[in-house]
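Descriptive analysis of the structure
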Amino acid sequence: ICTSAAAGASTAALPGGRAVVIGGVDPVAVRDALVVDGTTGDVSVVANAIATPRAHPSLAATSRYLIVAGGTDAAGVPIATAEVLDAKTLAPVVTLPILARSGVFATVLPNDQVLLGGGAPASNQLELFTPDPPAL
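The residue numbers shown here count from 1 along each chain, following its written sequence. With pLDDT at 70 or above as the cut-off, local features in this predicted model cover only qualifying residues; side-chain atom pairs require 80 or more to be listed or tallied, and sums for whole chains, interfaces and linings still use all residues. Side-chain metrics in this entry use all non-hydrogen atoms of the structure; hydrogen atoms and water are not considered.

**Considerations on unusual backbone geometry**
In this chain, A120 is followed by P121 through a cis amide linkage whose omega measures 0 degrees. Its place among the elements puts P121 in the loop between β10 (114-117) and β11 (127-129). If you check the backbone angles, H56 has positive phi at about 55 degrees while not being a glycine. Going along the chain from the N terminus, every DSSP run of H or I of four or more residues is numbered as a helix, and every run of E of two or more is numbered as a strand. Take H56: it is sitting in the loop between β4 (43-46) and β5 (58-61). Look at H56 and you get partly exposed, because its relative accessible area is 45%. Residue D112 is not a glycine yet carries a positive backbone phi of 70 degrees. The cut-offs for exposure are 20% and 50% of the maximum accessible area for each residue type, with area from a 1.4 Å probe on protein chains only; residues under the lower value are buried, those over the upper are exposed, and the others partly exposed.

**Here we look at the side chain of Q113**
Take Q113: it is sitting in the loop between β9 (105-108) and β10. The exposure class of Q113 is buried, given its relative accessible area of 14%. Reaching out from Q113, the side chain makes a polar contact with the side chain of N111 at a distance of 2.9 Å. Under the rule applied, a polar contact is a pair of N or O atoms within 3.5 Å (in protein, one hydrogen donor and one hydrogen acceptor; residues adjacent in sequence only if both atoms are side-chain atoms). A polar side-chain atom of Q113 sits 2.7 Å from a polar atom in the side chain of T130. Contact criterion: two residues are considered in contact whenever any of their non-hydrogen atoms come within 4.5 Å of each other. Beyond its immediate chain neighbours, meaning those up to four positions away, Q113 contacts T107, V108, L128, F129, T130 and P131.

**Remarks on the sheet that holds strand β8 (residues 92-97)**
Strands are treated as partners if at least two bridges between them are detected by DSSP. The strand order across the open sheet built from 4 strands is β5-β6-β7-β8, with neighbouring strands paired in antiparallel fashion. If you trace the sheet from one side to the other, it starts and ends with β5 and β8, each paired once. For this sheet, the mean inter-axis angle between neighbouring strands, taken without regard to orientation, is 15 degrees. For helices, the fitted line uses only the C-alpha atoms of the stretch in contact; every axis is such a line through C-alpha atoms, and the angle between N-to-C directions lies from 0 to 180 degrees.

**Regarding the environment of R54**
Tracing the backbone through its elements, the reader meets R54 in the loop between β4 and β5. For R54, a relative accessible area of 1% gives the class buried. Sequence spacing of R54 and T130 is 76 residues, and the spatial spacing of their C-alpha atoms is 23 Å. Among the polar contacts listed, one links the side chain of R54 to the backbone oxygen of G70, at a separation of 2.8 Å.

**With respect to the sheet that holds β11**
Strands in a sheet are paired, the pairing made by backbone hydrogen bonds, and the direction either parallel or antiparallel. The 3 strands are arranged β9-β10-β11 in an open sheet whose pairing can be described as antiparallel. Strands with a single pairing partner mark the edges of an open sheet, and in this sheet they are β9 and β11. With direction set aside, neighbouring strand axes in the sheet form an average angle of 20 degrees. Inspection of the sheet shows β10 paired to β11 by 3 bridges, in the antiparallel sense. Paired with V114 across the strands is F129, a residue of β11.

**What to know about the environment of G17**
Examined against the element boundaries, G17 turns out to sit in the loop between β1 (10-14) and β2 (18-22). A C-alpha to C-alpha distance of 13 Å links G17 and V43, two positions 26 residues apart in sequence. When residues no more than four places from it in sequence are discounted, the contact partners of G17 are V36, D37, G38 and T39.

**Notes on the pairing of strand β7 (residues 81-86)**
Of the pairings in the sheet, the one linking strand β6 (residues 65-69) to β7 comprises 5 bridges and is antiparallel in character. Counterpart to A69 in the pairing with β7 is A82. Note: β7 against β8, 5 bridges, orientation antiparallel. Bridge assignment links L85 to a residue of β8, and that residue is P92. The turn linking β7 back onto β8 is made up of 5 residues, and L90 within it adopts a positive phi angle of 65 degrees.

Dropping the structure here:
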């Protein structure tokens, strides 16, 4: 189990004053997530939070979801998926196909959509994650 951030990891702020560190080039720990409580500084590990090991993924957290998009595999090849995790528990929700690229920007929009774009290989295409409306 990973107890420290790995080279090639990415970070994002989560709801509730927490932060997450996911990904990396360490072949043992790249599927784990580190969650840091911003108030106490406590660090917890969520083992196997992501299904696909990836270095330098792009992260974006909405009020309900954490998007882990793209990045590269162990050979440096861009990954063509985005994993959607529950923002509170980091439980997997769904894996979505996206363009194979790394270094994409992942921007949370005011309506909780996430806009993906840019990256390598170069592309002028944008992708939009639109979650289902929250249950009433």
